[in-house]
Amino acid sequence: MKSLMELRLKTAVEKTCKDKPCLWSFSVKRVKERKGIDLGIKAGKNRRPGITTGNQYIYRIVFLTTKNNGQPKVDLSYCRKKEKLCSEVEWVNYPRVFITKSGKRVFRFPKEDFLDAEKPLAEFCSDCDREIFYSLKEVLPNEP
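Keep in mind it's a predicted model, so treat the numbers as computed, not measured.

Next up on the list: the overall build of the protein chain. Counting its regular elements, the protein chain contains three helices and six strands. By the burial criterion, 44% of the 144 residues in the protein chain qualify as buried. Sequence-distant contacts, at least 24 apart, represent 74% of the contacts inside the protein chain between residues at least 6 apart. Of the accessible surface of the protein chain, which amounts to about 8,400 Å², a share of 49% is contributed by carbon and sulfur atoms.

Structure below.
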């Protein structure tokens with residue numbers, strides 16, 4: 001029998017986030033180990049929120065920060081807050097798009113990266129309304 005975590009991840013990846021953007025809480029350590037991406041979080045914090053948009057095989061990911069780094073603001077009021085999911089994510093109204101030292105803002109991960117129930121890359125937080133693309137139009141210009 002599958003665990004609740006496995007079912008929630010599978011549902012999020014295969015159904016919920018297939019047609020709409022989603023908010024996830026990413027493990028900084030696992031992203032660094034598996035993808036070689038330094039999410040730049042100081043000691044003590046081990047999660048970073050990110051918004052995914054997907055197609056059949058790949059998610060585009062925009063990581064978020066509360067630091068005022070001049071990047072576009074993202075209005076999380078378009079994502080439904082679920083109290084028991086991702087409680088460590090600060091649901092501030094206007095976080096900003098995170099930018100790496102190399103200048104990268106958008107990443108692409110295969111959907112399989114989200115299905116590892118033993119050591120998940122990210123924890124599903126919430127689905128978001130398509131209106132979140134208004135916040136991300138500068139970063140994801142091909143989205144409606």
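Let's pick the thread back up.
Note on pairing: side chains with opposite charge can pair once their charged atoms come close. If you walk through the whole model with that rule in mind, you get six salt bridges. Here R47 makes a salt bridge to E123, at a shortest N to O gap of 4.0 Å. Within this pair, whereas R47 is found in strand 2 (residues 47–54), its partner E123 is found in strand 6 (residues 122–127), the two being separated by 76 residues in sequence. The exposure class of E123 is buried, given its relative accessible area of 19%. For R80, the salt bridge goes to D129, with nearest N and O atoms at 2.7 Å. Separated by 49 residues along the polypeptide, R80 in the loop between strand 3 (58–65) and strand 4 (96–97) and D129 in the loop between strand 6 and helix 3 (132–136) bring together distant segments of the chain. Look at R80 and you get partly exposed, because its relative accessible area is 33%. Bridged by salt links that share partners, the residues K20, R80, D127 and D129 form one connected network.

Among the nonpolar cores identified, the biggest contains 21 residues, and W24, F26, F63, F109 and F114 are the most heavily contacted of them. Those elements that provide at least two residues to this core are helix 1 (4–16), strand 1 (22–27), helix 2 (28–35), strand 3, strand 5 (106–110) and strand 6. Residues in contact with F63, not counting those within four places in the same chain, are F26, L39, R48, P49, G50, R96, V97, F98, R105, F107 and F109. The next biggest cluster of nonpolar side chains, apart from the first, holds 17 residues, and it includes L64, V74, V106 and C128.

Cut-offs used in this document
- Residues numbered from 1 in each chain as written.
- Predicted model: local features only at pLDDT ≥ 70, side-chain atom pairs only at ≥ 80, totals over all residues.
- Heavy atoms only, no water.
- Helix = DSSP H or I, 4+ residues; strand = E, 2+ residues; numbered from the N terminus.
- Buried < 20%, exposed > 50% of the residue type's maximum accessible area, 1.4 Å probe, protein only.
- Contact = heavy atoms within 4.5 Å.
- Areas by Shrake-Rupley, 256 points an atom, 1.4 Å probe, with all protein chains shown as cover.
- Salt bridge = Lys/Arg side-chain N within 4 Å of Asp/Glu carboxyl O.
- Core = buried A, V, L, I, M, F, W, Y, C linked by side-chain atoms within 4.5 Å.

Function cannot be inferred from these measures alone, as they are strictly geometric.
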